[in-house]
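As a plain string of letters, each chain reads:
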Protein chains: 4
Amino acid sequence: VTDLFWPGSERAGSLLSDRTLLGAMITVEAAWLGSLVEAGIAPTEAAHPLAGIVGDADLPELASGAEAGGNPVIGLVALLRDRLPGETGRWLHRGLTSQDVLDTALVLCLADTADRIAAEHRAQIAVLFDLAETHATTPMVGRTLTQHAVPITFGLKAAVWLTGILDATEALGHARARLPAQIGGAAGTLAALVELARLSGRPDPETTAQQIVAETAGRLGLPVRAPWHTVRSPLTALADALVGCTDAYGHLATDVATLSRPEIGELAEHNGGGSSTMPHKHNPALSVLIRRTALTAPGLAATAHLASASTVDERPDGAWHAEWAALRDLGRRAVVAASQASDLLTGLQVDTDAMAVNLDAAHGVTAEQASIAALAGAEPSATYLGLAGTVIEQTVARGRRLLSTGQEAW
Amino acid sequence: VTDLFWPGSERAGSLLSDRTLLGAMITVEAAWLGSLVEAGIAPTEAAHPLAGIVGDADLPELASGAEAGGNPVIGLVALLRDRLPGETGRWLHRGLTSQDVLDTALVLCLADTADRIAAEHRAQIAVLFDLAETHATTPMVGRTLTQHAVPITFGLKAAVWLTGILDATEALGHARARLPAQIGGAAGTLAALVELARLSGRPDPETTAQQIVAETAGRLGLPVRAPWHTVRSPLTALADALVGCTDAYGHLATDVATLSRPEIGELAEHNGGGSSTMPHKHNPALSVLIRRTALTAPGLAATAHLASASTVDERPDGAWHAEWAALRDLGRRAVVAASQASDLLTGLQVDTDAMAVNLDAAHGVTAEQASIAALAGAEPSATYLGLAGTVIEQTVARGRRLLSTGQEAW
Amino acid sequence: VTDLFWPGSERAGSLLSDRTLLGAMITVEAAWLGSLVEAGIAPTEAAHPLAGIVGDADLPELASGAEAGGNPVIGLVALLRDRLPGETGRWLHRGLTSQDVLDTALVLCLADTADRIAAEHRAQIAVLFDLAETHATTPMVGRTLTQHAVPITFGLKAAVWLTGILDATEALGHARARLPAQIGGAAGTLAALVELARLSGRPDPETTAQQIVAETAGRLGLPVRAPWHTVRSPLTALADALVGCTDAYGHLATDVATLSRPEIGELAEHNGGGSSTMPHKHNPALSVLIRRTALTAPGLAATAHLASASTVDERPDGAWHAEWAALRDLGRRAVVAASQASDLLTGLQVDTDAMAVNLDAAHGVTAEQASIAALAGAEPSATYLGLAGTVIEQTVARGRRLLSTGQEAW
Amino acid sequence: VTDLFWPGSERAGSLLSDRTLLGAMITVEAAWLGSLVEAGIAPTEAAHPLAGIVGDADLPELASGAEAGGNPVIGLVALLRDRLPGETGRWLHRGLTSQDVLDTALVLCLADTADRIAAEHRAQIAVLFDLAETHATTPMVGRTLTQHAVPITFGLKAAVWLTGILDATEALGHARARLPAQIGGAAGTLAALVELARLSGRPDPETTAQQIVAETAGRLGLPVRAPWHTVRSPLTALADALVGCTDAYGHLATDVATLSRPEIGELAEHNGGGSSTMPHKHNPALSVLIRRTALTAPGLAATAHLASASTVDERPDGAWHAEWAALRDLGRRAVVAASQASDLLTGLQVDTDAMAVNLDAAHGVTAEQASIAALAGAEPSATYLGLAGTVIEQTVARGRRLLSTGQEAW
């Protein structure tokens, strides 16, 4: 699947693609069926791995059929039942509702997406350690409100970028670890499951039901949570964390695009993009594409929140349906931008001479120092870099601590 | 191409698809090349229809190659040149910049999208004429802030829906008619084109250049406009108009979803959607999916505005790139929702008995009338429907006037 | 009323303030009462100008009382009735609903806001005429995707800014001229008014009712429109137009902020803003504050659309209430930014020497010209400014046509 | 300060008002000055509590003066210096930049806002415990996609609302505890402070500087963090958490507004809002106003993210300025909605008879149970409420655990 409207889309591969979502929905159905069989609620003959029954070739039918019921699960269940042995078909999906399957499948896809981004962050953090430490004493002019302010070092700038990535990493890890399975049944009571347990003679059908839920979640590697059909916090938290990521990349990319303006010339992308008509152009193409993402991501998370705020009844009438594409687009775009940011950092060209020249030419960057010296009644010091070195050290140390903990602890 | 994340997506067909955008880009290059040849700037041997040279099979290469330069035009031009006769290849794209081709191609796609929506509106307007007139005297309870207020007629409600569609139609027609070609060259000066005219000995190269621009726009059926690489009003106006459409559908769908609640039961969708687990369910699936669209569309237009507000220099560094997918998604989703709204209206089931029962049971709906009668010192009238009939007549008349004018006059 | 959180807020004066809204609500009630009396529906003794009865001192009570009914009209009517002569009090507000009064009052406030912005635009257009013509041949480097492209003139850049302002002016004029009065009564039927006309013995009470509506709208200087309690197109069109304005200012301000970076130095604000600690700073404070507005405005219009898309029943349950502050903030901020943009343009300092130096130092800006000359097999021309002069002339001519027409024709 | 455009605004009192922000800015300056004196950097004569020097009467001057420098700090420092003893004036603000003062003051205001919301949540949680437990076995019909599904209990619905509030509480506590002081100096290096320490002869000026930063943060009750002028994660995390709160209230309010429709009649607000014309109306005014907030909040957090994604250089050129009003409005509106939600819950009227009647009349709510019984080859059970009771118990238990921990542990 190509996307001419979103250059770089290939970087997200099959994450959150139709094919991947389909696979995840089948995985959810399989985990549930397996748990029913394992618990002895469904008969052994019903057991089936569900693999290879429905696949990519069925996507057009599933997609076009999704409108009738408002979601693709109904058609998928029908198609599976049609092709599975009778006993498996009879027990498939029993006790679940469409939203259980789609929510949990989406969660599986989002978890993979978050893991991919976390891997990019590890790569970025390593490069940023290097940039921060290598350029710990490389002076450049600090700029505020577009104008020259006081000297900084390029290492400090890298450390500030690093802080953004570390914040994003922590928030993403936090949200990812809390992405739960959704197992609630028709109206969040799991009534069908409890009824099945009761009618099959279980002494404590409610406990049995909870065990089956836990078993299913365990098979999927997801935590259990009370049915959340209308409480969408796990998804909005992930959406917010993804925007936190693109915020960090947007900051980085805007700095690079600005500092690679020819008149400034302090940074450059390794391979600038060409032009269809001007052979000399060396456009900061990665920065441009990252900035694009950063501009569009906040609106997608706002859509997820709006959906969350608009839930009603036991399962909502449109708000739920508004989430899927917003989360898909946000997730894929965040991955693309993460990957582009990794490349941007890896190939970043730092022109320390240009930094020195610009700092030298900067008018007034010693003004604050002079006023401080006057206040102290002393001569100004030889340098004026303050805690730049300390901030670098402390930020790198924070990064090392983060890397040494598992993601689940973030 | 399927979209499991957006049930109903098929309704938009190939509008604004990768394939359609590719075709439109080639159409733009062909119109330009044809105009250069016709003007005698390019030699006759360069003439070529460009048809069948690059096609669907090239989409993966074009898409993955789009990242390097930040857009898909550079790769397309390279591919075309590679496959075209030498003289055609030499003259292809000369004088244009990537943004000229992509902007104009996007405009062509959006124009088709707007035309498709206008056709849906004509169908909806006809149904709404019928509903408004058929139910001009069908009483029902008017509701405000969820509570019973005073009586209305269902015909009036249909007329109010109609007003929404008429407003949307006018605004869409206005914006669509103003979608211009983008022909500006590298930095909006058309310098290459003027230089070509000058070097080929034209006495008035600037006039020649303007004639070629006009010829190209004419071939594409689009108005001419001064280069608008950084003035995005034509696109934001269209985006706003598309949201105006989804606003109107959202209002309609929310009314239908509300009035088809079982306890109210005044309206129903013709074919309600089923459930994966509850055989009796008759979900208002079209209303639900339309509401989904209405929730997400405003954010997409906001993205287009944000891009417009963030332009800089002669061509922007990310803002431009943020527009494409936002406009694609907004356009396609608006078409899907328009088509769903047409179906919803066509199949709408009106239970006039339920309306009568609910009105009868409504507590206090005569309170205002009683207070008015007391003020006038007279007995209340037999009915209390005010100008409902007049509003219906006037709204239908407005609709008839609109339908009788061409879209270009809207 | 101050706003430390929005520097420059004072520029909007009392537009859309609580005090102004209160005055507008009273104006609406007065126009209605006057029309009832004039039509002979209300007795002559009920006539009253309503001036000076409720004022600023009542704002705290009105504001805190607004929550109970969800809007400030209920309390206002109660307060007026309490203080007015009995007959006036008895007839006040009869036939209207709260939303009629608040919508129409908001429309009056927004119309004044739009007029104020139009006045700023006239000032801006005059400055831009001057900049475009004065610098019609002032060469500077054109920049695309942050990098040097081909030469342009500063006059062309001014003409492009002008195009943005002209587009915004036309759209704002279009939307402002269509801002209607809202007169619908409890559920959009005007039943109370028709009943009053009927009970007072009018032969054709519906026609009488329409005449009273027309008279009221006429007194307010607003067009009549069928009740639009749930069809919010007039407000979203105005909101979109206001964002169109801030988009244009954002583009301008981003260009100025960029080109006033010390390393570029081509433009400067007349009075740059200072710093709390660095005495030498000359920050582009107006540009910064305009950019702030441009970042926040699209979200406010999206809120208005979201409200429009969420209407239900005969008057909505929250969507209506979400509009007021969004439109207030959008309107006031647009005025502030318009005024700042006028000052920015009036005081803009153009350093043509810096432009020449930067163009001279620009690497590769003749590359396209060389490639075109090679294509033509001729020597390059002396200049390479293409249609820059023509675009300037045509844009100024468009501006003059616009200024010479009345705003209502825009 | 009144706000006719936002009924209920008074509930937020002076939180995030101009007056409160002014006080917070002065508090920040005082903490800094006190720390400088305590560290012996500033002389003892400079010590001053700063109280009562600048106050409400100065707001107009401060507000109108804020535009020149782009923020209100510059004017505040000038005014303070003008009125303070010379030595205090000389040392005031030394080493800080405007953004340090405004960011930290905003953080103080936001922390108070979060604490106020947390208090409302404690009240809401208590009511929800009661509703969930009291109605643990009160049957009602579960609804999905607006249609009747299977039975639930009202206690379960209350437990689901509770889950939303608990999620919001945790996220808000997490973000609030991480709101840091901002102390970075002109470009994030604290160069002036280090220079002051060095010139005053400190052996290890960098350590001294860090101690002064820690002392200042300690006086303000805020954690220390590396300068975050361009890494806005602490603020976006808080904004996201605030939207998480309004999401939860929006869900609750939409349920109440829906279930208080006359045809359903299962819930009612204690004091419904009246109408300006229909004496019988009992509008769900709190629900309506909460829904309003929920519709507008996501866009405000998106603005904060957009600002975060658009930072550049060492301090940004507009993105920073876009945050203030967005956070102010989001914070105040969240408080208003929190307080309204508390009232809504406290006064909620539950009509268990109506619930029983509606459930009884619900067509098809036993369909799933019948199909499950058929699958199991047994007679259906007497009830079909599944884990409703278990979910209630577990959710209440989660709530009790949360209440028993301090907010800082959330």
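Calculation criteria
Residues numbered from 1 in each chain as written. Chains lettered and ligands numbered in written order. Predicted model: local features only at pLDDT ≥ 70, side-chain atom pairs only at ≥ 80, totals over all residues. Heavy atoms only, no water. Helix = DSSP H or I, 4+ residues; strand = E, 2+ residues; numbered from the N terminus. Buried < 20%, exposed > 50% of the residue type's maximum accessible area, 1.4 Å probe, protein only. Contact = heavy atoms within 4.5 Å. Salt bridge = Lys/Arg side-chain N within 4 Å of Asp/Glu carboxyl O. Buried area = accessible area lost by both parts, 1.4 Å probe. Least-squares fit on C-alpha atoms with pLDDT ≥ 70 in both. Expected span 1.5 Å × (residues − 1). Polar contact = N/O pair within 3.5 Å; in protein donor to acceptor, adjacent residues only side chain to side chain. pLDDT = per-residue confidence, 0-100. Phe/Tyr/Trp six-rings, centres within 6.5 Å; stacked < 30°, edge-to-face > 60°. Lys NZ or Arg CZ within 6 Å of the ring centre and 35° of its normal. Axes fitted to C-alpha atoms, helices over the stretch in contact; angles between N-to-C directions. Parallel < 35°, antiparallel > 145°, perpendicular 65-115°, else oblique. Left-handed = near helix turned anticlockwise from the far one by under 90°. Core = buried A, V, L, I, M, F, W, Y, C linked by side-chain atoms within 4.5 Å. Nonpolar A, V, L, I, M, F, W, Y, C, P; charged D, E, K, R; others polar. Pairing = 2+ DSSP bridges.

K.L.:
Got a minute to help me understand the overall build of chain A in this structure?
P.N.:
Helix and strand counts for chain A come out as 14 helices and four strands. Projecting the C-alpha coordinates of chain A onto the three principal axes gives extents of approximately 90 × 55 × 35 Å. Within chain A, the fraction of its 410 residues that count as buried is 69%. Intrachain contacts of chain A at a sequence separation of at least 6 include 79% that bridge at least 24 residues.

K.L.:
Whenever I open this one, the pattern of salt bridges confuses me. Can you help?
P.N.:
Any two side chains of opposite charge can pair, so long as their charged atoms come close to each other. All names here are of chain B. Counting across every chain of the model gives 100 salt bridges over all chains. Arginine 116 serves as the salt-bridge partner of glutamate 120, at 3.3 Å between the closest nitrogen and oxygen. Of this pair, glutamate 120 and arginine 116 both sit in helix H5 (residues 98–134), four residues apart, which is roughly one turn of that helix. With a relative accessible area of 13%, glutamate 120 lands in the buried category. The exposure class of arginine 116 is partly exposed, given its relative accessible area of 26%.

K.L.:
Is there a simple way to think about the interface of chain C and chain A in this case?
P.N.:
Taken together, the 32 residues of chain C in the interface contact 32 residues of chain A. Each partner contributes to the roughly 2,800 Å² buried at the junction of chain C and chain A, and carbon and sulfur atoms together form 59% of this total. In this structure, the connection of chain C to chain A is made through two salt bridges. In this structure, arginine 143 of chain A engages glutamate 263 of chain C in a salt bridge whose closest nitrogen and oxygen atoms are separated by 2.7 Å.

K.L.:
Is there a simple way to explain the relation of the copies chain D and chain A in this structure?
P.N.:
Each of the two copies of the chain can be brought onto the other by a rotation about an axis and a shift along it. The operation relating chain D to chain A is a screw motion whose rotation component is 180°, with 0.0 Å of axial translation and a residual RMSD of 0.0 Å. With respect to symmetry, the two chain copies, as superposed, fit the operation of a two-fold axis. By C-alpha distance to the rotation axis, the residue of chain D lying nearest is alanine 302 of chain D, at 3.0 Å.

K.L.:
Explain helix H6 (residues 154–177) of chain A to me, please; I cannot follow it from the model alone.
P.N.:
Each full turn of the α-helix corresponds to 3.6 residues, which orients residues three or four apart in the same direction. End to end, H6 of chain A covers 34 Å across 24 residues, agreeing with the expected 34 Å (1.5 Å per residue, within 8%). Where burial is concerned, most of H6 of chain A is hidden: 20 out of the 24 residues are buried.

K.L.:
Could you clarify how one ought to interpret the relation of the copies chain C and chain A in this entry?
P.N.:
Overlaying chain C on chain A yields an RMSD of 0.0 Å, the required transformation being a rotation through 180° with an accompanying axial translation of 0.0 Å. Most of the interface of chain C is mirrored in chain A: 100% of its interface residues are interface residues there too.

K.L.:
Would you mind going over the environment of threonine 293 of chain A with me for this structure?
P.N.:
Tracing the chain through its elements places threonine 293 of chain A in helix H10 (residues 285–309). Taking the C-alpha atoms as reference, threonine 293 of chain A lies 38 Å from valine 213 of chain A; in sequence the two are 80 residues apart.

K.L.:
What is the right way to read helix H7 (residues 191–199) of chain B from this model?
P.N.:
When you tally the buried positions in H7 of chain B, you get eight out of nine residues, the bulk of the element. Within the span of H7 of chain B, buried status applies to Ala191, Ala192, Leu193, Val194, Glu195, Leu196, Ala197 and Leu199 of chain B. For H7 of chain B, the secondary structure elements touched by its buried residues are helix H1 (18–38), helix H4 (86–91) and helix H8 (205–220) of chain B together with helix H13 (367–376) of chain C. Just downstream of H7 of chain B, glycine 201 of chain B is the residue with a positive phi angle, here 85°.

K.L.:
Could you clarify how one ought to interpret the interface of chain D and chain A in this entry?
P.N.:
A common measure of how large an interface is: the accessible area buried when the components associate. Taken together, the contacts link 88 residues of chain D with 88 residues of chain A. Between chain D and chain A, the buried area comes to about 7,200 Å², and carbon and sulfur atoms account for 60% of it. Taken as a group, Asp313, Leu375 and Leu387 of chain D account for 9% of the area that chain D buries against chain A, more than any other trio of residues on that side. Across the chain D-chain A interface, the total number found is four salt bridges. Arginine 225 of chain D is the partner of aspartate 167 of chain A in a salt bridge, and the nearest nitrogen-oxygen pair spans 2.5 Å. Linking chain D to chain A there are 36 residue pairs in polar contact (both at pLDDT 80 or more).

K.L.:
Looking at this structure, how should I read the confidence of the model for chain A?
P.N.:
Parts of the model with low pLDDT should not have their predicted coordinates read in detail. Across chain A, pLDDT averages 96, with 99% of residues at or above 70. Here the predicted complex carries an ipTM of 0.97, next to a pTM of 0.98.

K.L.:
How should I be thinking about the packing of aromatic side chains in this particular structure?
P.N.:
The geometry of an aromatic ring pair is captured by the separation of the ring centres together with the interplanar angle, meaning the angle of the planes. Tallied over the full model, the rule gives eight aromatic pairs over all chains. Centre to centre, the rings of phenylalanine 154 of chain A and tryptophan 161 of chain A are 5.8 Å apart; their planes meet at 80°, and the pair counts as edge-to-face. Like tryptophan 161 of chain A, phenylalanine 154 of chain A is buried. With 4.8 Å between their ring centres and 80° between their planes, tryptophan 320 of chain A and tryptophan 324 of chain A make a pair best called edge-to-face. Placement of the pair is tryptophan 320 of chain A and tryptophan 324 of chain A together in helix H11 (residues 319–346), with a separation of four residues, close to one helical turn. Residue classification places tryptophan 320 of chain A among the buried residues on the basis of a relative accessible area of 1%. Sitting over the face of the ring of tryptophan 6 of chain B, arginine 292 of chain B holds its NZ or CZ atom 3.9 Å from the ring centroid.

K.L.:
Can you help me understand the environment of valine 256 of chain B in this one?
P.N.:
Residue and element names in this part refer to chain B. Secondary-structure assignment places valine 256 in helix H9 (residues 233–259). Overall, valine 256 belongs to the buried group, its relative accessible area being 0%. For the pair valine 256 and alanine 367, spaced 111 residues apart in the sequence, the C-alpha separation amounts to 27 Å. Setting aside residues no more than four positions away along its own chain, valine 256 makes contact with Trp161, Leu267, Glu269, Ser287, Leu344 and Leu348.

K.L.:
Teacher, can you tell me more about the packing of H1 of chain B against H8 of chain B here?
P.N.:
Axis angle and axis distance: for two packed helices, these are the angle between their axes and the distance between the axes, and together they describe the pair. Residues and elements named next belong to chain B. Where H1 contacts H8, the two axes come as close as 9 Å, and the packing angle between them is 135°. In this view, H1 runs oblique relative to H8, as classed from their interaxial angle. Every pair of crossing elements has a handedness; the one defined by H1 and H8 is right-handed. Together, Thr27, Val28, Ala31, Trp32, Gly34, Ser35, Leu36 and Glu38 of H1 and Ile212, Glu215, Thr216, Arg219 and Leu220 of H8 make up the contact between the two elements.

K.L.:
I keep staring at the side chain of threonine 303 of chain D and nothing clicks. Help me out?
P.N.:
In this fold, threonine 303 of chain D is placed in helix H10 (residues 285–309). Judged by its relative accessible area of 9%, threonine 303 of chain D falls in the buried class. Ignoring anything within four residues of it in the chain, the contact list for threonine 303 of chain D reads Thr296 of chain C together with Ala322 and Ala326 of chain D.

K.L.:
I'm lost on the nonpolar core in this one. Help?
P.N.:
Grouped burial of nonpolar side chains is what soluble globular proteins tend to show. Counting 538 residues, the largest nonpolar core has Met25 of chain A, Met25 of chain B, Met25 of chain C together with Met25 of chain D as its most contacted members. What methionine 25 of chain D contacts, discounting residues up to four positions off in sequence, is Leu4 of chain C together with Pro72, Val73, Leu76, Val101, Leu102 and Ala105 of chain D.

K.L.:
Explanation requested: unusual backbone geometry in the structure shown.
P.N.:
Backbone geometry follows two general trends: most residues other than glycine have a negative phi, and most peptide bonds adopt the trans configuration. The backbone phi angle of leucine 190 of chain A is positive, close to 55°, even though this residue is not glycine. Phi is positive for leucine 145 of chain B, close to 50°, though the residue is something other than glycine. Note that leucine 145 of chain B resides in the loop between strand S1 (139–144) and strand S2 (147–153).

K.L.:
Help me understand the packing of helix H9 (residues 233–259) of chain C against helix H11 (residues 319–347) of chain C, please; the structure alone is not making it clear to me.
P.N.:
Residues and elements named next belong to chain C. Interhelical geometry of H9 versus H11 gives an angle of 35° and a closest axis separation of 9 Å. Viewed along their axes, H9 and H11 form a crossing whose handedness is left-handed. Counted together, Leu235, Ala239, Leu242, Val243, Thr246, Tyr249, Leu252, Ala253 and Val256 of H9 and Glu323, Leu327, Leu330, Gly331, Ala334, Ala337, Ala338, Ala341, Leu344 and Leu345 of H11 form the full contact between these two elements. Counted by class, the contact of H9 with H11 contains 16 nonpolar, two polar and one charged residues.

K.L.:
Sorry if this is basic, but what is going on with the pairing of strand S2 (residues 147–153) of chain A here?
P.N.:
The two faces of a sheet get side chains in turn, since along a regular strand they alternate between them. All names here are of chain A. When you tally the buried positions in S2, you get seven out of seven residues, the bulk of the element. Sheet analysis places strand S1 (residues 139–144) next to S2, joined by five bridges and oriented antiparallel. Each bridged residue has a counterpart across the sheet, and for proline 139 the counterpart in S2 is threonine 153. Joining the antiparallel neighbours S1 and S2 is a turn of two residues, in which leucine 145 adopts a positive phi near 50°.

K.L.:
Quick question: what am I supposed to make of the environment of leucine 375 of chain A here?
P.N.:
Within the element layout of this structure, leucine 375 of chain A appears in helix H13 (residues 367–376). Residues leucine 375 of chain A and arginine 198 of chain A, 177 residues apart in the sequence, show an inter-C-alpha distance of 82 Å. Among residues more than four places away in sequence, those in contact with leucine 375 of chain A are Arg90, Trp91, Arg94 and Leu196 of chain D.

K.L.:
Could you clarify how one ought to interpret the side chain of aspartate 317 of chain A in this entry?
P.N.:
Mapped onto the fold, aspartate 317 of chain A is located in the loop between H10 and H11. Of the residues examined, aspartate 317 of chain A reaches a relative accessible area of 7% and is grouped as buried. Residue contacts for aspartate 317 of chain A: discarding those within four places in its chain leaves Val312 of chain A, Ala257, Val288 and Arg291 of chain B together with Leu145 and Thr146 of chain D.

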